[in-house]
Amino acid sequence: MNIINGKQIAKEIRENLQKEIANLNIIPGLAIVLIGNNEASEIYVRNKLKACEEVGIKGELYRFKGTETEEEIILSLKKLNEDPHINGIIIQSPVPAKYNEEYLNSFISPNKDIDGFGIYNMGMLASNTPNLVAATPAGIIKLLEHENIPIAGKHAVIIGRSKIVGRPLALALLNKDATVTICHSKTKNLQEITSKADILIVAIGKAKYITQDYIKDGAVIIDVGMNRDSNNKLCGDVDYDNVVDKVSYITPVPGGVGPMTIAMLLNNVYESAKKGAK
Ligand code: NAP
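Notes on the structure follow. (Residues numbered from 1 in each chain as written. Predicted model: local features only at pLDDT ≥ 70, side-chain atom pairs only at ≥ 80, totals over all residues. Heavy atoms only, no water.)

1. Describing the overall build of the chain
Then step 1. Check the secondary structure of the chain and you find 10 helices and 11 strands.
Then step 2. Relative to its length of 278 residues, the chain is compact, with a C-alpha radius of gyration of 19 Å against a globular reference of 19 Å.
Then step 3. Counting only C-alpha atoms and orienting by the principal axes, one finds that the chain spans roughly 55 × 40 × 40 Å.
Then step 4. Among the 278 residues that make up the chain, the fraction classed as buried is 47%.
Then step 5. A sequence separation of at least 24 residues applies to 71% of the contacts in the chain between residues at least 6 apart.
Then step 6. Split by element, the accessible area of the chain, about 13,800 Å² in all, is 50% carbon and sulfur.
Then step 7. In the chain, which carries 32 positive and 32 negative side-chain charges, the distance between the mean positions of the two groups comes to 1 Å. (Helix = DSSP H or I, 4+ residues; strand = E, 2+ residues; numbered from the N terminus. Rg over C-alpha atoms; globule rule 2.2 N^0.38 Å. Buried < 20%, exposed > 50% of the residue type's maximum accessible area, 1.4 Å probe, protein only. Contact = heavy atoms within 4.5 Å. Areas by Shrake-Rupley, 256 points an atom, 1.4 Å probe, with all protein chains shown as cover. Lys, Arg positive; Asp, Glu negative; His and termini not counted. Charge placed at Lys NZ, Arg CZ, Asp CG, Glu CD.)

In structure tokens:
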């Protein structure tokens, strides 16, 4: 059994990025749009800004109180689209309920949409001509490739169909020639499907939901979940201790998929800056 060390792999990516960015003739810029007051978002944003600084990206925070009209925020997004010092724009999720997050995101220029959630970038991924790919799915592909885990011809089962993980991941795996099955809360006979998976990716947001009964001997398990268990300890969607002896590879939580997400986000800013630098 192999534990996939996402923390170490992400560190290597960030170190490499730092070198690549130092060789660019511009300083890449990331604009983070934060609307309203959300304690968790404050922490995520702080971490993203710190990660930017470490690799040489200039992170800029654009704060909105949450009292502005949608039009005022859209106007700022349009200005950021035109700003040559900004190569990537993200709107920190969730935004206050009075705004339409999807609508706001649609105003980010496709080449600055480093979250890859926009219709253009999702469409490019669906057409197997990827441009900017959502960071978590991109990170999962990187983990599999780093460990030399074959994807082509393998049966990959994804539990979860969110716009940020399940859907783009299904497309990314399909582009790598996997046979992909997507499961969700309305899926019948979940265990029957997941126990046929060569690669099982779980992104449901339910602590330790997946036990031995859901997996086949020697399967590769990628755990995207980030939850707190009954002792308030960080844990995944997979019951790690219960499955660990049955798998060939597994990502731990913490230290698996999570660190890859931020590394791939930084990588997207770099890719976007590289295009702009030409
Ligand atoms: P989400 O938007 O809530 O989507 C959850 C998905 O799981 C939905 O498609 C839902 O089905 C499905 N689902 C829920 N319960 C299920 C069940 N019992 N059986 C089968 N399917 C079920 O969540 P998300 O944003 O994708 O995030 C999922 C988890 O990953 C969370 O723990 C989140 O914190 C974590 N996450 C981690 C990272 C990272 O970098 N490590 C990044 C993103 C998310 P329906 O569509 O039918 O409702």
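2. Some remarks on the sheet that holds strand β7 (residues 199-202)
Then step 1. Taken in spatial order, the six strands line up as β1-β11-β8-β7-β5-β6 in an open sheet, and their pairing is parallel. What marks the edges here is a single partner per strand, and that holds for β1 (2-3) and β6 (179-183).
Then step 2. The pairing of strand β5 (residues 155-159) with β7 spans four bridges and is parallel. Following the sheet pairing, I159 is matched in β7 by V202.
Then step 3. Helix α7 (residues 166-175) rests against β5, β6 and β7 of the sheet, and its axis sits at about 175 degrees to β5. (Pairing = 2+ DSSP bridges. Axes fitted to C-alpha atoms, helices over the stretch in contact; angles between N-to-C directions.)

3. A look at unusual backbone geometry
Then step 1. In the segment running from S93 into P94, the intervening peptide bond is cis, with an omega of 0 degrees.
Then step 2. Residue P254 is reached from V253 by a cis peptide bond, and omega for that bond is 0 degrees.
Then step 3. We note that N128 has phi near 60 degrees; this positive angle belongs to a residue other than glycine.
Then step 4. For N128, a relative accessible area of 44% puts it in the partly exposed group.
Then step 5. The phi angle at N148 is positive, at roughly 55 degrees, despite the residue not being glycine.
Then step 6. Counting through the fold element by element, N148 comes out in the loop between α6 (135-146) and β5.
Then step 7. Using a relative accessible area of 67% as the deciding quantity, one classes N148 as exposed.

4. Considerations on the site of the ligand
Then step 1. Around the ligand, 22 residues are found, and the nearest of them are R161, S162, S185, K206 and T261.
Then step 2. The contact in question runs from an oxygen atom of the ligand to an N or O atom on the side chain of R161, over 2.7 Å.
Then step 3. Note that a nitrogen atom of the ligand is positioned 2.8 Å from one of the side-chain N or O atoms of K206.
Then step 4. Among the elements that line the shell around the ligand, the one with the most residues is helix α10 (residues 257-277), at three residues.
Then step 5. Tallied by class, the residues present in the shell around the ligand amount to 10 nonpolar, 10 polar and two charged. (Near = heavy atom within 4 Å. Polar contact = N/O pair within 3.5 Å; in protein donor to acceptor, adjacent residues only side chain to side chain. Nonpolar A, V, L, I, M, F, W, Y, C, P; charged D, E, K, R; others polar.)

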